[in-house]
Every structure is written in structure tokens, then in C-alpha cells.
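Chain and residue survey
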Amino acid sequence: MPYPKLPDDDRIVVEAARDFARKRLAPYSLEWDATAHFPVDEMREAASLGMAGIYTSEDVGGSGLRRIDGVRIFEELAKADPVTAAFLSIHNMCTWMVDTYGTPEQRKRWVPAMASMESIASYCLTEPGAGSDAAALSTSARRDGDHFVLRGSKQFISGGGVSDVYVVMARTGDAGARGISTFVVEKGTPGLSFGPPEAKMGWHNQPTAQVVFDDVRVPADAMLGGPDGQGTGFSIAMNGLNGGRLNIAACSMGGAQSAYDQALVYATEREAFGGPLIAEPTIAATLAEMATSLEASRLMLWRAAEALDADDPDKVELCAMAKRFVTENCFTVADQALQLHGGYGYLHETGIEKIVRDLRVNRILEGTNEIMRMVIGRAEAQRVTSGKGTR
């Protein structure tokens, strides 16, 4: 279906992202996947167009756009390469966190370089023993005079070993969410090291590694928010994930749209049983289901993005709903596109199998979809017990 008609200003943003993605990402996506190439130069080119600080403040180099602009941009980027789009999503989340929660000095120190991608950023929350239960993280940050000393490790970190700055959630207080603070740790700090690159099902052109803190000493002003930021780290991390969930859903949206577009053309041009494949009722019905899933996913994603822009009281639930619904349905669309291609869909050169591999992890990261169901269920229960009633 045609992309929904947008106001001129919104359309210009989408077209700029689409043009960049088609010229600078799409022609090389399969090669990057095959060679595990991390496209730093191309991402910095995207940053020069404002795509590394999409919803970051303009006074520190950001684009000052809305979340709804962000999800549209990430959809366009993901049509060309879901992996590069996903890393830019994570980087944007880090940039926004420092911009939003940093002191004026911290914002001036770190955000301009992040918005230009002179400094590439990684988000460090997940640990080997604390995945979905993020509040149980054990990486510690002990105060020692004018410094904090970090000890522990983070698991499955996109950009681990390559990124220049690491936005790290560490425990500065008692057990539980209120004992966590956020730190910005720069690459090259003594004691900071990295595990070997992980071998993964997908996301081959994005490095993933463990990040290890072995008595890493950072100045006290590396704690995000300054002294008032102590104990706010879990809240900062979760607020960052609201947008991160929308962005990663948008990456699923873009990848699935690309797979569907290829399947539609293939079914129209491929001859079988005396006519085009699309003339077969089962094929036409499958394409109808795929098109409907894409349309419903886009509407839900845009609704949640607008709620986040408006600081809607239901924003957390709506972001969780969109992340769960879109990543699951769009993975199914990509898988159906592969099936419709038959054996050709399983070949690397078609690009469909890469999309399937790359979209699968989106149901796990930024909070698994099982956790999204918990978030939604709790919010719905709270709606009744708080007197808001049903929808």
C-alpha cells in the first residue's frame, strides 16, 4: 500500500531518510552481513544528516525532532538494512539519555560528539545474571573520594569493544531499582575491557560483546545528573527504553515492509500452474494477511510514538503494546515472505533470509516480549484498581 500522506515537513524528513538508505545502505547490506562489516562511515554520514540525535535538543547538536519522526526514519533505514538501523536506534537512545538527564556541563561535554557520531555510544544494562530482571543488576559503583570505582560486567552489548562511550547502569546503593545510578564511561579508561565478538544468528554487521569493569575508576562527575542523579539510574534506563522499544519495532516494520514488497513482486511475476502465483487463492490470502499486519503495525507504532511525544499517562503501556505487537507480527510477515519465495527465499542473495534472521532478535531486546506482556497486564490491572475503569 502507498505510504500514508504526510504534511510537507514530515514528508521531507521521511524522504531524506529514504534517499539516504537507498543510496548508502541498501546496495551494501548483504556484503556487510557476509563480511561482518560495521559501517561506521555510513552511520557517521547518517549523523551528518541529523540521524544520530533525532530527538535530542538542538542546542547540543541534535535535530530536535519528535518520536513520531524517529519511528518513520528508522522504518526507512530498516527497509535498506535492519541492523544498521537498529544500531542507530540504540545510539539515539544513549544520546537522548545524556541530553535529558545530564547536567549542563555533561550535556556540553558528551552530547555534541554523540550527535555527530564522533563518539559512538553503547547502552549497558543487561548482565549475565540479570537479563529481564534488570533491577537485580549487580555491577557496582563504589564511591572513593572524588571517583567511583566500577566492578562487574554487562552482556550482549551492541557496539561492545568498538563504541567510544558506554552508558552504564551500576549499583551505588541498596538492592532494588532505587539503588542504581547511571554513568558515562569512556573507552580507554583503565580496567575497561571487552569479551570476544559474539557469534550470532543475525545482526552480523553489528558487533556484540561483553563489557567488563575491573575496578574502573571514573570521576564523580561521570554519574549522569551529578549528585542528584544518584539512585535515578533505573528510571533513566526505563525511560530510555520507552523510545528504544518504539525504534526497534520500527526496525521490524521496515524490514518486514521490504520483505513484503519483494514477495508481492515475486508472486505477481512468478508463473506457476498456468498463471501468476498471485492468482492462486491461498497466495492472495497470505499476501492480504501480510498487508493487513503491516498496516495495523504502522498504525499502532505511530499511536504509541504520538503518546510518547505528548507524555500521555498511558505512554509506557502503549510503547510496550507496540513493541510486542509490531515485532511479532512483522517477524511473521518476513517469514511468510521467505515462504512465498520458496527455495529462492532461503538463498542469501535474495536478502529475505537475512531479514528473517535480523528481525528475530527484536522480540528479545529492549525488554523481551514476555516482559512487554507483564508491563501491559500490570497497567491494565492498575487502570481498574486506580478507578480509571476499563478502556
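Keep in mind it's a predicted model, so treat the numbers as computed, not measured.

1. Some words on the pattern of salt bridges
Evaluated as defined, the whole model comprises 31 salt bridges. Its salt-bridge partner being Arg-217, residue Asp-144 comes within 2.7 Å of it at the nearest N-O pair. Here Asp-144, found in strand S2 (residues 140-144), pairs with Arg-217, found in strand S7 (residues 208-219); they are 73 residues apart in sequence, far enough to count as distant. We classify Asp-144 as partly exposed; its relative accessible area is 33%. As a salt-bridge pair, Glu-295 and Arg-298 come within 3.8 Å of each other at their nearest N and O atoms. One end of the pair is Glu-295 and the other is Arg-298, both in helix H8 (residues 281-309) and three residues apart, which spans about a single turn. Since its relative accessible area comes to 24%, Glu-295 is described here as partly exposed. Residues participating in the shared-partner salt-bridge network are Arg-18, Glu-75, Glu-76, Lys-79, Glu-295 and Arg-298.

2. Side note on the pairing of strand S5 (residues 180-186)
In terms of residue burial, S5 counts as a mostly covered element, since six of its seven residues are buried. With seven bridges joining them, strand S4 (residues 165-171) and S5 adopt antiparallel strand pairing. The residue bridging Val-167 from the neighbouring strand is Val-184, located in S5.

3. So, the packing of helix H9 (residues 315-340) against helix H10 (residues 352-360)
When two helices pack together, their arrangement is given by the angle between the helix axes and the distance between those axes. Two elements in contact, H9 and H10, have axes whose closest approach is 9 Å; the angle formed by their N-to-C orientations is 160°. The angle between the axes of H9 and H10 places the two elements in the roughly antiparallel class. Both H9 and H10 take part in a crossing whose hand is left-handed. Residues Cys-330, Phe-331, Ala-334, Asp-335, Ala-337 and Leu-338 of H9 pack against Ile-352, Glu-353, Ile-355, Val-356, Leu-359 and Arg-360 of H10. Residues of the contact of H9 with H10, tallied by class, amount to nine nonpolar, no polar and three charged.

4. Examining the state of the cysteines
Tallied over the entire structure, the rule returns zero disulfides. Just so you know, Cys-94 is unpaired, no disulfide at all, and the nearest cysteine sulfur is the one on Cys-124, 7.6 Å from it. Cys-330 carries a free sulfur, and the closest cysteine sulfur to it, the one in Cys-251, is 11 Å from it.

About the criteria used
Residues numbered from 1 in each chain as written. Predicted model: local features only at pLDDT ≥ 70, side-chain atom pairs only at ≥ 80, totals over all residues. Heavy atoms only, no water. Salt bridge = Lys/Arg side-chain N within 4 Å of Asp/Glu carboxyl O. Helix = DSSP H or I, 4+ residues; strand = E, 2+ residues; numbered from the N terminus. Buried < 20%, exposed > 50% of the residue type's maximum accessible area, 1.4 Å probe, protein only. Pairing = 2+ DSSP bridges. Axes fitted to C-alpha atoms, helices over the stretch in contact; angles between N-to-C directions. Parallel < 35°, antiparallel > 145°, perpendicular 65-115°, else oblique. Left-handed = near helix turned anticlockwise from the far one by under 90°. Contact = heavy atoms within 4.5 Å. Nonpolar A, V, L, I, M, F, W, Y, C, P; charged D, E, K, R; others polar. Disulfide = S-S within 2.5 Å.

Keep in mind these values describe shape, not function.
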